[in-house]
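# Residue-level structural notes
The lines below spell out each chain.
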Amino acid sequence: MIYWIWLNTIDGLGPVMQRKLLNHFKNPKNIFDADEYEIMKVKNLGIIRAKEIKNTSLEKSKKILDKCEKNKVKILSIYDDLYPNQVKNIISSPTLLYYKGEIRKNIMGVGIVGSRRCTSYGKTIAIEAASYLAKNNITVISGMAKGIDGYAHTACLKAGGYTVAFLGSSPDVCYPKEHNILMESIIENGAVISEYPPETKALSKHFPKRNFLISSFSQKLLVVEAAQKSGALITAHFSSKINRKVFAVPNNIYQKTSSGTNNLILEGAKIYLNPEQLLEDEHILKSIKKFEDINQIKLKPENQNYKNNINSKLKNDDNFDLEKYSSKEKMIIESIKEGTKLISEIMNDTNLNEREILELISILELEGVVRSIPGGRWKIT
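Quick look at the structure, then.

Each value, and the rule that gives it
- Residue numbers here run from 1 along each chain, matching the order of that chain's written sequence.
- Selection of residues for local features in this predicted model requires a pLDDT of at least 70, selection of side-chain atom pairs for listing and counting requires 80 or more, and totals for whole chains, interfaces and linings are taken over all residues.
- Side-chain metrics in this entry use all non-hydrogen atoms of the structure; hydrogen atoms and water are not considered.
- Among the buried residues, those of types Ala, Val, Leu, Ile, Met, Phe, Trp, Tyr and Cys that are joined through side-chain atoms within 4.5 Å form a nonpolar core.
- When accessible area is computed with a 1.4 Å probe and restricted to protein chains, residues below 20% of their type maximum are described as buried, those above 50% as exposed, and intermediate ones as partly exposed.
- In this description a helix means any DSSP run of H or I spanning at least four residues, a strand means any run of E spanning at least two, and both kinds are numbered starting from the N terminus.
- The criterion used for residue contact is that any of the two residues' heavy atoms lie within 4.5 Å.
- Salt bridge, as used here: a side-chain nitrogen of Lys or Arg that lies within 4 Å of a carboxyl oxygen of Asp or Glu.

Another aspect to go through is the nonpolar core. Counting residues in each nonpolar core, the largest one holds 54 residues, and the members touching the most others are L21, I193, F217 and V223. When residues of this core are assigned to their parent elements, the largest contribution, 5 residues, is made by helix α1 (residues 2-9). Excluding anything up to four places from it in sequence, L21 contacts L7, L13, K26, I31, I39, V42, L45 and I53. Grouped together as the second largest cluster of nonpolar side chains are 22 residues, F238, M331, I333 and I336 included.

Attention now goes to the pattern of salt bridges. Overall, the coordinates contain 9 salt bridges when judged by the stated rule. A salt bridge links E59 to K62; its shortest N-O distance comes to 3.7 Å. Of this pair, E59 and K62 both sit in helix α6 (residues 59-71), 3 residues apart, which is roughly one turn of the helix. Given a relative accessible area of 46%, E59 falls into the partly exposed group. In this structure, the salt-bridge partner of E178 is K146, at a minimum N-O distance of 2.8 Å. Linking E178 in the loop between β5 (163-166) and α10 (180-189) with K146 in the loop between β4 (139-142) and α9 (148-158), this pair joins segments that are 32 residues apart in sequence. Judged by relative accessible area, E178 falls into the exposed class, the value being 55%. The class for K146 is partly exposed, based on a relative accessible area of 40%.

Below, the structure written as structure tokens:
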């Protein structure tokens, strides 16, 4: 496993490029043993990236492996049979995951997400849906956050079900701290999973990737309550991009925690009225078709009123399909195209706030459009 960890410690080498290397060399050890000229044979890998790969030692990997043993954290590689094919077939899925608990062969399930500051209405729906799924032997998937996530996990456990929590921290770090008992219960009766190695704290920039994993492992997603610009909506956005069915709970149009879900319905999400909907149509236990490369799936623009100046600068660039990106995503791409940028510099260029940029740039990173480089800077891949 040390070579899998090593592959994931190489700065700026995301899942897409890792897969290209694995397809060429078959396993991480072969990549480690290869010389620079062999590595350069892989498409889009030049001399600079080849040197970065060769200059990455095993020291950090050894320390991570020691921490895994110390904290009883297990490792799941994309070559493992327990790694679901439905997730493997999404090219942006991580090649390595860390977890505590037990991963079942049929881990794919239904995601339940929503507001941290949920109403009693939302709480009731989350508990009802999770209990129903548990009684039907369907995995309940969420993010262990306060509010809807916590109620979904708890209801599933009380009903004797199997539940999985994807984290914005490593699987040995509890966030929020108040969910320590819940986390222990999930580990005993399910699994907590993360792409972050042991002793990694929860950071805001980690949560978009956590939301991506929730959507990837969920054959269907139920958004119970969500305000605009919430993490639950990011999860729904990911689910739509990989052709997963999204259900949204309708609610009072004047309720802040319902504005996001009501808009999801307006944009085409299924109206959720009862838990039986989560099992009908193509049954949740059937295997689903292989997904196309996530980079080939066209994204729905957030806003058709793209800024003309950005369009004119990007329209002749063969590296970008304008129809794929929202107006805000294009603003970020245009900013970074001018040279490597810090988040603060992107904020100045785009007038977007830090949270918006972190969420959108994480999406672009997952799609292989941008990558982070040492010093907290970002560049076009």
